[in-house]
Amino acid sequence: MISIAVIGCGRIGRMHAANVARHPGARLTAVYDVVEASSKSVAEETGARAAASLEEVLDAGDVDALLVASLTETHADLIERGAKAGKAVLCEKPIDLDIKRVDRCAEAIQGLDVPIQIGFNRRFDPGHSAVRAAAAAGEIGDLHQVIITSRDPGMPSRDYIAHAGGLLRDMTIHDFDMARFMLMEEPVEVFAVAEALIDPELGRELDDVDTAMIVLRTESGKMCCINNSRTSVYGYDQRVELMGTHGMLISDNRRPHELRRSSGEGADVGVPYLNFFVERYAEAFMNELSAFVDAVEGRAPVAVGFEDGRKALILAEAAYRSLASGRAVNLSELAEG
Ligand SMILES: NC(=O)c1ccc[n+]([C@@H]2O[C@H](COP(=O)([O-])OP(=O)(O)OC[C@H]3O[C@@H](n4cnc5c(N)ncnc54)[C@H](O)[C@@H]3O)[C@@H](O)[C@H]2O)c1
């Protein structure tokens with residue numbers, strides 16, 4: 001049994017706190033948010049104590065680990081401070097928006113013997129992980145193509161977008177990680193096209209995009225195509241398809257149940273997909289937490305580490321460079337500066 005403190009009690013922190021509170025291998029000891037009312041309301045919901053400061057959490061003898069769910073700009077600092085205080089850290093994605101800050105963070109925690117896990121929850125989705133396991137076991141022969149479709153049901157708030165660091169670092173970062181996970185090889189080349197098609201004002205006001213397609217290629221020639229949209233009117237669209245010499249594997253969208261209606265209006269009409277990440281990836285978030293508990297207890301290596309977070313951000317950097325230049329970008333160009 002490990003004791004966890006959740007840092008950041010917003011949209012996803014609230015969900016993580018509830019998950020820790022009901023996980024059989026974890027105890028939610030404390031929650032902390034810079035907005036006191038947020039910590040207090042999550043503390044009331046879960047029975048944890050509302051810490052008055054981060055220092056209180058870091059000094060607490062009954063906190064083994066931090067689950068960092070605060071704003072992205074706080075992650076690198078919290079990883080460093082947590083690790084230096086001897087706390088294991090499960091940190092939401094991304095580590096930071098700036099690769100130089102990520103590298104400084106890596107240096108700061110080098111040699112500290114604490115598990116650091118990054119919140120790429122989709123790896124733990126039962127369907128996605130089954131597809132990966134089947135491909136890894138050779139069920140589709142030699143893997144050639146990966147297609148990742150990741151479309152949100154609706155635009156986040158302007159305020160969220162203003163701080164999120166751009167579609168490719170905020171949202172596609174999950175898909176860059178999924179691409180690496182599914183390809184089982186490192187991509188070496190990235191070509192991206194992206195536009196503000198849903199909300200052209202977004203482009204003018206925040207220099208951001210809402211629709212993207214990205215192609216990745218590995219050294220041996222395996223390919224991955226990522227499709228992103230901030231708004232799919234038919235719901236949260238999350239699919240992964242792998243194709244190889246012996247067949248194809250698909251992890252499909254999920255619905256709350258499998259009722260199908262047939263009438264004069266249409267045949268086999270199903271209910272809408274699970275609404276958004278909290279619902280669609282509910283099992284994935286719990287499995288992610290179980291993997292973290294196992295890593296902290298020493299039963300398993302860290303499943304998704306700091307370097308995975310760093311590599312996903314490097315792919316986002318390459319994709320932005322491709323957008324700016326209009327051509328495919330080799331990752332070696334990033335090392336050249
Ligand atoms: N894995 C996923 O699918 C997923 C989904 C949504 C968000 N996220 C990530 O989770 C993070 C939080 O996103 P959100 O949507 O919950 O945002 P949010 O704005 O709803 O919540 C963030 C919370 O952090 C608090 N906070 C800010 N600075 C803090 C600090 N220094 N110490 C403690 N608390 C602090 C804020 O007061 C707020 O309550 C982001 O990094 C985001 O990228 C991941």
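Before any of the text, the structure's been laid out above.
Everything in this summary refers to the structure shown in the same document. Note that the coordinates shown come from a computational prediction; the quantities given were computed from them, not determined experimentally.

Check the secondary structure of the chain and you find 14 helices and 15 strands. Its C-alpha atoms give the chain a radius of gyration of 20 Å, near enough to 20 Å, the size a compact globule of 337 residues would have. Looking at the chain residue by residue over its 337 residues, the buried ones come to 51%. Nonlocal contacts in the chain, meaning residues at least 24 apart in sequence, comprise 70% of its contacts between residues at least 6 apart. Entry remark: accessible area of the chain is about 14900 Å², with carbon and sulfur atoms responsible for 52%.

Together, Phe191, Val193, Met213 and Val215 line one region of the surface with nonpolar side chains, adding up to about 320 Å² of accessible area. Residue assignment for the nonpolar patch shows that the elements contributing at least two residues are strand E8 (187-195) and strand E9 (211-218). Locating phenylalanine 191 in the fold gives a position in strand E8.

Within the largest apolar cluster, 99 residues are counted, with the highest numbers of intra-cluster contacts made by Ile4, Val31, Ile79, Ile116, Phe176, Ile214 and Leu242. By residue number, the principal contributor to this core is helix H13 (residues 306-325), which donates nine residues. With sequence-adjacent residues up to four places away left out, isoleucine 79 is seen in contact with Val89, Cys91, Ile95, Cys105, Ile109, Ile116, Ile118 and Phe306.

With that settled, consider the site of the ligand. Near the ligand, the surroundings consist of 26 residues, among which Arg11, Ile12, Asp33, Thr72 and Glu92 are the closest. In the model, an oxygen atom of the ligand is placed 2.7 Å from a nitrogen or oxygen of the threonine 72 side chain. When the ligand sits alone it has 850 Å² of accessible area, and the protein chains cover 84% of it. Residues belonging to the shell around the ligand are distributed by class as follows: 12 nonpolar, nine polar and five charged.

Here the focus is the sheet that holds strand E7 (residues 143-151). The seven strands are arranged E12-E11-E7-E10-E9-E8-E15 in an open sheet whose pairing can be described as mixed. Edge strands, defined here as strands with exactly one partner in the open sheet, are strand E12 (247-251) and strand E15 (329-330). Bridging between E9 and strand E10 (residues 223-229) involves seven bridges; their strand directions are antiparallel. Bridged to arginine 217 within E10 is methionine 223. Of the strands in this sheet, strand E11 (237-244) and E12 are in contact with helix H6 (residues 126-136), which crosses E12 at around 160 degrees. Where helix H9 (residues 172-183) meets the sheet, its contacts fall on E7, E8, E9, E10 and E11, and the angle it forms with E10 comes to roughly 155 degrees.

All told, the structure shown has 32 salt bridges when counted by the stated rule. Where salt bridges share partners, they join Arg123, Asp177, Arg180, Glu186, Asp308 and Lys311 into one cluster.

Here we take up the pairing of strand E1 (residues 2-7). Across the six residues of E1, six count as buried, placing the element largely inside the fold. Residues Ile2, Ile4 and Val6 line one face of E1 and the alternating positions Ser3, Ala5 and Ile7 line the opposite face, and both faces are buried. Both E1 and strand E2 (residues 26-32) contribute to a ladder of six bridges, which runs parallel. Bridging across to E2, serine 3 finds its partner in arginine 27. Viewed along the sheet, the connection from E1 through helix H1 (residues 11-22) into E2 turns out right-handed. Of the pairings in the sheet, the one linking E1 to strand E4 (residues 65-68) comprises four bridges and is parallel in character.

Okay, unusual backbone geometry next. Proline 94 follows lysine 93 through a cis peptide bond whose omega is -20 degrees. Among the structural elements, proline 94 can be located in the loop between strand E5 (88-92) and helix H5 (99-109). Phi is positive for methionine 184, close to 60 degrees, though the residue is something other than glycine. On the secondary structure map, methionine 184 appears in the loop between H9 and E8.

A few words now on the side chain of aspartate 237. Here aspartate 237 is to be found in strand E11. By relative accessible area, aspartate 237 is classed as buried at 0%. Among the polar contacts listed, one links the side chain of aspartate 237 to the side chain of tyrosine 234, at a separation of 2.5 Å.

This part covers helix H2 (residues 36-46). Turning to H2, its buried residues number three or more, namely Ser38, Ser39, Val42 and Ala43. Seen from one end, H2 has its buried residues packed into an arc of 130 degrees, which puts them on one side. In H2, the exposed positions that point more than 90 degrees away from the buried face belong to Glu36, Ala37, Glu44 and Glu45. In the core, the buried residues of H2 are packed alongside H1, E2 and strand E3 (49-50). Backbone geometry just after H2 places glycine 47 at a positive phi near 85 degrees.

Each value, and the rule that gives it
- Residues numbered from 1 in each chain as written.
- Predicted model: local features only at pLDDT ≥ 70, side-chain atom pairs only at ≥ 80, totals over all residues.
- Heavy atoms only, no water.
- Helix = DSSP H or I, 4+ residues; strand = E, 2+ residues; numbered from the N terminus.
- Rg over C-alpha atoms; globule rule 2.2 N^0.38 Å.
- Buried < 20%, exposed > 50% of the residue type's maximum accessible area, 1.4 Å probe, protein only.
- Contact = heavy atoms within 4.5 Å.
- Areas by Shrake-Rupley, 256 points an atom, 1.4 Å probe, with all protein chains shown as cover.
- Patch = residues over 30% accessible without salt bridge, like charges linked within 9 Å, V, L, I, M, F, W, Y side chains within 5 Å.
- Salt bridge = Lys/Arg side-chain N within 4 Å of Asp/Glu carboxyl O.
- Core = buried A, V, L, I, M, F, W, Y, C linked by side-chain atoms within 4.5 Å.
- Near = heavy atom within 4 Å.
- Polar contact = N/O pair within 3.5 Å; in protein donor to acceptor, adjacent residues only side chain to side chain.
- Nonpolar A, V, L, I, M, F, W, Y, C, P; charged D, E, K, R; others polar.
- Pairing = 2+ DSSP bridges.
- Axes fitted to C-alpha atoms, helices over the stretch in contact; angles between N-to-C directions.
- Right-handed = clockwise from strand over helix to strand, strands pointing away.
- Arc of directions from axis to C-beta.

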